[in-house]
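Commentary on secondary and tertiary structure
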Amino acid sequence: MTPNGWLSMNTKTSIFALLLMSYGALPTEARPAKCLLEVDGQTFIDGACDFRPLSGGNGDFQIIGPNGTYFAYLYVGADGNGTGHWNEAPGAGHAHTPLGPLAREGACWTSETVKLCAW
């Protein structure tokens, strides 16, 4: 603590990072991959992308298309099924649109309206 009783900025940052890690929210290093994101029959990412596993080790990941225009998150539940979110609006900075429940098919997670893949 600082003399006035408040936590230092470094301490606050460390606590915040530890909280995020405990929830599996901190991404690890991105690596080049090939990705596909199709929603309602329209393709938003197809080809080169950045693939970023999320901490936690349960298979959660993020894909980021060229120039960061579109990105999506996949979260794997304890039952092995997934749910996803994506940014929908080109260049939006948050994944505000749900992709709904997704089932794994090889390198892809799919539903009747979504295909989210990373190789």
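Residues numbered from 1 in each chain as written. Predicted model: local features only at pLDDT ≥ 70, side-chain atom pairs only at ≥ 80, totals over all residues. Heavy atoms only, no water.

Assigned secondary structure in the chain consists of one helix and eight strands. Listing each helix as α and each strand as β along the chain from the N terminus yields α-β-β-β-β-β-β-β-β. Here the chain holds 119 residues, and 33% of them are scored as buried. Counted over contacts in the chain with a minimum sequence separation of 6, partners at least 24 positions apart contribute 29%. Carbon and sulfur atoms make up 57% of the accessible area of the chain, which amounts to about 7200 Å² in all. (Helix = DSSP H or I, 4+ residues; strand = E, 2+ residues; numbered from the N terminus. Buried < 20%, exposed > 50% of the residue type's maximum accessible area, 1.4 Å probe, protein only. Contact = heavy atoms within 4.5 Å. Areas by Shrake-Rupley, 256 points an atom, 1.4 Å probe, with all protein chains shown as cover.)

Put simply, the chain has an average pLDDT of 84, and 76% of its residues get 70 or more. The low-confidence segment residues 7–27, where pLDDT is below 50, has 18 contacts with residues more than four positions distant or belonging to other chains. (pLDDT = per-residue confidence, 0-100.)

Strand order in the closed barrel formed by eight strands is 1-2-3-4-5-6-7-8, and the pairing between neighbours is antiparallel. Adjacent strand axes in the sheet meet at a mean angle of 30 degrees when their direction is disregarded. Sheet topology note: the strand 3 (residues 61–64)/strand 4 (residues 71–76) ladder contains four bridges and is antiparallel. Within strand 4, the residue paired with Ile63 across the bridge is Ala72. (Pairing = 2+ DSSP bridges. Axes fitted to C-alpha atoms, helices over the stretch in contact; angles between N-to-C directions.)

All right, on to the environment of Leu102 then. Within the secondary structure layout, Leu102 lies in strand 6 (residues 97–105). Considering only alpha carbons, one finds Leu102 and Gly84, 18 residues apart in sequence, at a separation of 7.2 Å. In this structure Leu102 touches Leu74, Asn81, Gly82, Thr83, Gly84, Trp109, Thr110, Ser111, Val114 and Leu116, once residues within four positions along its chain are discounted.

Attention shifts here to the pairing of strand 3. For a regular strand, the rule is simple: side chains alternate between the two faces of the sheet. Alternating positions in strand 3 separate into two faces, Phe61 and Ile63 on one and Gln62 and Ile64 on the other, with burial throughout. Sheet topology places strand 2 (residues 42–53) next to strand 3; four bridges connect them, and they run antiparallel. The residue of strand 3 that forms the bridge with Pro53 is Phe61. Between strand 3 and strand 4, which pair antiparallel in sequence order, lie six residues; one of them, Asn67, sits at a positive phi of approximately 60 degrees.

The tally for this structure, following the rule as stated, stands at two disulfides. Sulfur-sulfur distance for the disulfide between Cys35 and Cys49 comes to 1.8 Å. With the S-S dihedral at roughly 45 degrees, the linkage between Cys35 and Cys49 falls on the right-handed side. Taken together, the positions of Cys35 in strand 1 (residues 31–39) and Cys49 in strand 2 put the pair 14 residues apart, joining distant regions of the chain. Given a relative accessible area of 0%, Cys35 falls into the buried group. With a relative accessible area of 7%, Cys49 lands in the buried category. Across the disulfide from Cys108 sits Cys117; the S-S distance is 2.0 Å. Linking Cys108 and Cys117, the disulfide has an S-S dihedral of approximately 105 degrees and is accordingly described as right-handed. (Disulfide = S-S within 2.5 Å.)

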